[in-house]
Amino acid sequence: MRTTAALLSLLLLAACARYGSGGSLPGPSTISPTELRGAWQLDHGTGPGGALQIPAGSEVTIAFEGERVSGRVCNLYGGTYRLGDGGQLTLSAMGMTEMACAEPIMSLEAAYHAALGLVKTATVDGEELTLHGDGVELVFRRVPPVADADLVGTRWTLSTLLEGDVASSVQGDAWLQLAPDGTLRGATGCRGFDGSYAVDADQLRVSDLVVADNACEATLDAQDRLVLDVLRGGLRYDLAGRQLTLTDAGGVGGRGLVYSATGS
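Residues numbered from 1 in each chain as written. Predicted model: local features only at pLDDT ≥ 70, side-chain atom pairs only at ≥ 80, totals over all residues. Heavy atoms only, no water.

K.L.:
Which parts of the structure should I look at to understand the overall build of the protein chain?
P.N.:
When its secondary structure is counted, the protein chain shows four helices and 19 strands. Looking at the protein chain residue by residue over its 264 residues, the buried ones come to 41%. Restricting the contact set of the protein chain to residue pairs at least 6 apart, pairs at least 24 apart contribute 55%. (Helix = DSSP H or I, 4+ residues; strand = E, 2+ residues; numbered from the N terminus. Buried < 20%, exposed > 50% of the residue type's maximum accessible area, 1.4 Å probe, protein only. Contact = heavy atoms within 4.5 Å.)

Next comes the structure, spelled out in structure tokens:
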């Protein structure tokens, strides 16, 4: 399934009403980009509809890196952010994937994004991040940094497809594995493939790609084409913790593949 920034915008526009109780904005404070940077997990929060109910075993995350903000409830979401004077925080160009999850996760996701859309400032106190807005207070705990998974030898499972400002969820069993001998193998979710690769700084060059000739179901055609087109082009890779992002080295169309480490 696919979504554009318009999907999240609908959620955020619904949250634009003012609420007079709770979540009052803090006074001016100083927060540096370094303090904000990293991954955070929601501990508790209040939004326009009241306290957010986080089911046991569920996680709501947000991460700040460079100029990008990203996270997950049920769906992956992301966009850009700007940190201004006095801890002013502006989130923009937001979008998310569109996957159906069981209740009460879907309700939590809607309530969280409604609250996130009203955030105006951020404060950091030790290992605690609080996002404030009118009627909104979201309190996060810092997630300890995770050691980067090995680029080579790890089985990477495809989690997100990127095309410009469009993020798509993945269907089928799509994965990638780079072997120490310079060969690779994987699947698009529809067809298997193998080939060769070389790493140079942050560049990943794939060559001699051989793809199985079986036909794909209509629902997997676009995913199959995107995966193969990205792999056949010049690639820039970014490895952060257990996430591997492959993007067009030339940035054409903003195409990319986001993988998660699942084993070796």
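K.L.:
What exactly am I supposed to notice about the confidence of the model for the protein chain here?
P.N.:
Interpretation of the predicted coordinates at a detailed level should be avoided for regions scoring low in pLDDT. This prediction gives the protein chain a mean pLDDT of 86; 86% of its residues lie at or above 70. Between residues 1–28, whose pLDDT stays under 50, and residues either more than four places distant or in other chains, the model counts 58 contacts. (pLDDT = per-residue confidence, 0-100.)

K.L.:
Please explain the environment of S196 as it appears in this structure.
P.N.:
Along the chain, S196 falls in strand 15 (residues 192–200). Sequence separation between S196 and A179 is 17 residues, and the spatial gap between their C-alpha atoms is 9.1 Å. Those residues within four positions of S196 in sequence are excluded, and the remaining contacts are G182, T183, L184, R205, V206, S207 and D208.

K.L.:
I'm lost on the state of the cysteines in this one. Help?
P.N.:
Two cysteines, two sulfur atoms, one covalent bond between them: this is a disulfide. Counted by the stated rule, this structure contains two disulfides. Paired through a disulfide, C74 and C101 show a sulfur-sulfur distance of 1.7 Å. Handedness of the C74-C101 disulfide follows from its S-S torsion of about 70 degrees: it is right-handed. Taken together, the residues span a long stretch of sequence, with C74 in the loop between strand 5 (68–72) and strand 6 (76–83) and C101 in the loop between strand 7 (89–96) and helix 3 (105–116) at a distance of 27 residues. Between the sulfur of C190 and that of C216 lies a disulfide, 1.7 Å long from S to S. Between C190 and C216, the disulfide has an S-S torsion of -105 degrees and is therefore left-handed. Of this pair, C190 sits in the loop between strand 14 (183–188) and strand 15 while C216 sits in the loop between strand 16 (203–211) and helix 4 (221–232), and the two are 26 residues apart along the sequence. Looking at C216, the relative accessible area reads 19%, which means it is buried. (Disulfide = S-S within 2.5 Å.)

K.L.:
Mind showing me how you'd approach the environment of G79 here?
P.N.:
The topology assignment puts G79 in strand 6. We classify G79 as buried; its relative accessible area is 0%. C-alpha separation for the pair G79 and S92, spaced 13 residues apart in sequence, amounts to 5.9 Å. Residues contacting G79, with those up to four places away along its chain left out, are E67, R68, V69, S92, A93 and M94.

K.L.:
Looking at this model, I keep getting lost on unusual backbone geometry. Mind explaining?
P.N.:
For residues that are not glycine, phi is negative in most cases, and the peptide bond is trans in most cases. Omega for the peptide link from E103 to P104 comes to 10 degrees, which places this bond in the cis form. With a phi angle near 50 degrees, A93 is a residue other than glycine that sits in the positive phi range. Position of A93 among the secondary structure elements: in strand 7. The backbone phi angle of D208 is positive, close to 50 degrees, even though this residue is not glycine.

K.L.:
Explain helix 4 to me, please; I cannot follow it from the model alone.
P.N.:
The periodicity of an α-helix, 3.6 residues per turn, causes residues three or four positions apart to be oriented the same way. Compared with an ideal rise of 1.5 Å per residue, which puts 12 residues at 16 Å, helix 4 spans 17 Å between its outermost C-alpha atoms and is within 8% of the ideal. Inspection of helix 4 places Q223, D224, L226, V227, L228, V230 and L231 among the buried residues, and these make up the whole buried set. (Expected span 1.5 Å × (residues − 1).)

K.L.:
What's the story with helix 3 in this structure? I'm lost.
P.N.:
For helix 3, built from 12 residues, the straight-helix expectation of 16 Å at 1.5 Å per residue is met to within 8% by its first-to-last C-alpha distance of 16 Å. Taken together, the buried positions of helix 3 are occupied by I105, L108, E109, Y112, H113, A114, A115 and L116.

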